[in-house]
Amino acid sequence: MQDEGGAGLVGKVVLVTGAARQLGARFVRRVQRDPEVERVIAVDSVPPPHRLGSAQFVRTDIRQSAIARVLAEHAVDTVVHLAVTGGSSGIGGGARSTVKETNVIGTMQLLGACQKSPTVRRLVVKSSTSVYGGAARDPAVFTETSQPKALPAGGFAKDASEVEGYVRGFARRRPDVAVCVLRFANILGPLADSPLAEYFSMPLMPTVLGYDPRLQFVHEDDVLDVLRLAAQEPKPGTLNSGTFNIAGDGVLLLSQCSRRLGRPTVPLLLPAVTWVGSALRAVGVTDFSPEQIRLLTHGRVVETTQMREVLGFEPLYTTAEAFADFARSRGSGLLPPERVGRAVDRVAGLLNVEAAVESEAEGANR
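Now for a look at the structure at hand. Just so you know, these numbers come straight off a predicted model, no measurement behind them.

## Let's talk about helix 6 (residues 220-230)
(1) Moving on: Burial runs high along helix 6: 10 of the 11 residues are buried.
(2) Moving on: Buried residues of helix 6: Glu220, Asp221, Asp222, Val223, Leu224, Val226, Leu227, Arg228, Leu229 and Ala230, and no others.

## Here we look at the pairing of strand 8 (residues 205-208)
(1) Moving on: Because side chains alternate across strand 8, one face comprises the buried residues Met205 and Thr207, and the other comprises Pro206 and Val208, equally buried.
(2) Moving on: In terms of strand pairing, strand 8 meets strand 13 (residues 265-268) through 4 bridges, oriented parallel. Bridge assignment links Val208 to a residue of strand 13, and that residue is Leu268.

## Thoughts on the packing of helix 7 (residues 254-261) against helix 11 (residues 319-330)
(1) Moving on: Packing of helix 7 against helix 11 leaves a shortest axis separation of 10 Å and a crossing angle of 35°. Remark: the crossing between helix 7 and helix 11 carries right-handed chirality. Taken together, the residues of helix 11 that come into contact with helix 7 (itself represented by Cys257, Arg260 and Leu261) are Ala320, Phe323, Phe326 and Ala327.
(2) Moving on: For the contact of helix 7 with helix 11, a count of residues per class yields 6 nonpolar, no polar and 1 charged.

## Brief notes about the environment of Val46
(1) Moving on: Within the secondary structure layout, Val46 lies in the loop between strand 2 (39-44) and strand 3 (56-59).
(2) Moving on: Exposure remark for Val46: the relative accessible area of 29% places this residue in the partly exposed category.
(3) Moving on: Distance in space between the C-alpha atoms of Val46 and Asp61 is 8.4 Å, their sequence separation being 15 residues.

## Regarding the sheet that holds strand 1 (residues 13-17)
(1) Moving on: Spatially, the 7 strands line up as an open sheet ordered 3-2-1-4-5-6-11, and their pairing is parallel. This sheet does not close on itself; its edge strands, each paired only once, are strand 3 and strand 11 (242-246). Across the sheet, the mean angle from the axis of one strand to that of its neighbour is 20°, orientation sign disregarded.
(2) Moving on: Sheet strands in contact with helix 6 are strand 4 (78-81), strand 5 (122-128), strand 6 (178-184) and strand 11, and its direction is about 165° off that of strand 6.

## Considerations on the pattern of salt bridges
(1) Moving on: Within the structure shown, the criterion is met by 17 salt bridges.
(2) Moving on: For Arg39, the salt bridge is made with Glu38, and the minimal N-O distance between the two is 3.8 Å.
(3) Moving on: Ionic pairing is found between Lys100 and Glu162, a salt bridge with its closest N-O pair at 3.7 Å. In this pair, Lys100 sits in helix 3 (residues 96-116) while Glu162 sits in helix 4 (residues 155-173), placing the two residues 62 residues apart along the sequence.
(4) Moving on: Judged by its relative accessible area of 29%, Lys100 is partly exposed.
(5) Moving on: Assessed through its relative accessible area of 24%, Glu162 is described here as partly exposed.

## Examining the environment of Gly237
(1) Moving on: Here Gly237 is to be found in the loop between helix 6 and strand 11.
(2) Moving on: What makes Gly237 exposed here is its relative accessible area of 76%.
(3) Moving on: Along the chain, Gly237 and Leu311 lie 74 residues apart, while their C-alpha atoms are 9.0 Å from each other.

## Describing helix 1 (residues 22-31)
(1) Moving on: Of all 10 residues in helix 1, 10 are buried; the element is thus mostly enclosed.
(2) Moving on: Three or more residues of helix 1 are buried, namely Gln22, Leu23, Gly24, Ala25, Arg26, Phe27, Val28, Arg29, Arg30 and Val31.
(3) Moving on: Considering only its buried residues, helix 1 is in contact with strand 1, strand 2, strand 4, strand 5 and helix 6.

## So, the pairing of strand 5
(1) Moving on: Within strand 5, 7 of the 7 residues are buried, which leaves the element mostly enclosed by the surrounding structure.
(2) Moving on: Of the two faces of strand 5, both are covered, the one formed by Arg122, Val124, Lys126 and Ser128 as well as the one formed by Leu123, Val125 and Ser127.
(3) Moving on: Looking at chain direction, strand 4 and strand 5 are connected through 4 bridges and run parallel. Note on strand 5: the bridge partner recorded for Thr78 is Arg122.
(4) Moving on: With 7 bridges joining them, strand 5 and strand 6 adopt parallel strand pairing. Paired with Leu123 across the two strands is Val179, which belongs to strand 6.
(5) Moving on: Chirality of the crossover, the property in question, places the unit of strand 5, helix 4 and strand 6 among those that are right-handed.

## Some details on the nonpolar core
(1) Moving on: The biggest cluster of nonpolar side chains holds 33 residues, and the ones touching the most others in it are Val80, Leu182, Phe184, Leu227 and Ile246.
(2) Moving on: At the level of secondary structure, the elements contributing two or more residues to this core comprise strand 1, helix 1, strand 2, strand 6, helix 6 and strand 11.
(3) Moving on: A per-element tally of this core places helix 6 first, with 6 residues.
(4) Moving on: For Leu227, the contacting residues outside a window of four places in its chain are Phe27, Val80, Leu82, Val124, Leu182 and Phe184.
(5) Moving on: With 27 residues, the next largest nonpolar core counts Val76, Leu110, Ala113 and Val181 among its residues.

The rules behind each value
- Residues numbered from 1 in each chain as written.
- Predicted model: local features only at pLDDT ≥ 70, side-chain atom pairs only at ≥ 80, totals over all residues.
- Heavy atoms only, no water.
- Buried < 20%, exposed > 50% of the residue type's maximum accessible area, 1.4 Å probe, protein only.
- Helix = DSSP H or I, 4+ residues; strand = E, 2+ residues; numbered from the N terminus.
- Pairing = 2+ DSSP bridges.
- Axes fitted to C-alpha atoms, helices over the stretch in contact; angles between N-to-C directions.
- Left-handed = near helix turned anticlockwise from the far one by under 90°.
- Contact = heavy atoms within 4.5 Å.
- Nonpolar A, V, L, I, M, F, W, Y, C, P; charged D, E, K, R; others polar.
- Salt bridge = Lys/Arg side-chain N within 4 Å of Asp/Glu carboxyl O.
- Right-handed = clockwise from strand over helix to strand, strands pointing away.
- Core = buried A, V, L, I, M, F, W, Y, C linked by side-chain atoms within 4.5 Å.

Purely geometric stuff here, so don't read any function into it on its own.
The structure is reproduced here in structure tokens:
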């Protein structure tokens, strides 16, 4: 874990939404250690199970207009919006309809309150690379200006896209406020509580037959570091207003993840994977959503040049290192990694043989 201390923020009063989740609580603890921060206001609709240090916790639902009174009462100048979530299990999760309302309606209420506030000067919004969607015709690498081939039809990806649209509107209406949107790749680490972390923790990992997607990860410690960087005055030669992809260097194939976890995969035809996902959600095992199935089919890789050259942020963990730290926290899988590797290779070999047979048969028919 990285030290949760650090250098100064421009804001004397920092408000953090989503403080009941572990990531929000860790950021609250980190930012309040800054000597230039006078107060930290931690906001959520439920009491946090994690310690918040000396921060003042305000129990309020950002979907309600009361958030405007909180901003005014405490003369907040920096808002860090972490309450945009995929709704995994645990604190901050819940029914999909409630999660969507918090993500979208809650963001609208928060932005409306920020727009009316004369004291707010900086806004940081946690978003996701899921806004790029997941389709067979996607580019190999997404940049911040890439447009999805098909707009997300639902789930967290659609929520994140809508949230970003509202944030862009707010930035136009309040050009005096520095706005930073951080599109995070899949967040992993020892404390990760995302749907993908739950998927990687399953004893058997269902996969889509014939696909081995490329995946990117960002370590939860790097998430805290870049959130803090975005919430402070920009360093000389950098700019922390705008939209930035945030991910560790490199990529991992899903088959490599399986090997390193020591967990066997169960390759299934796409319709079967969709059915298994529905069954798993029904029994509360994991949020194996259509959005996650698309990720595990087509993968997603983003360009991070702007993160380094404009924002001035260099992650401490690569994609492989973030995954390794997560894997260590989950313990060994059912099988040794070398046995999993051999099993995956055998399945891949069988698929190749079947594909060759089908190709020969098609040639003979022609």
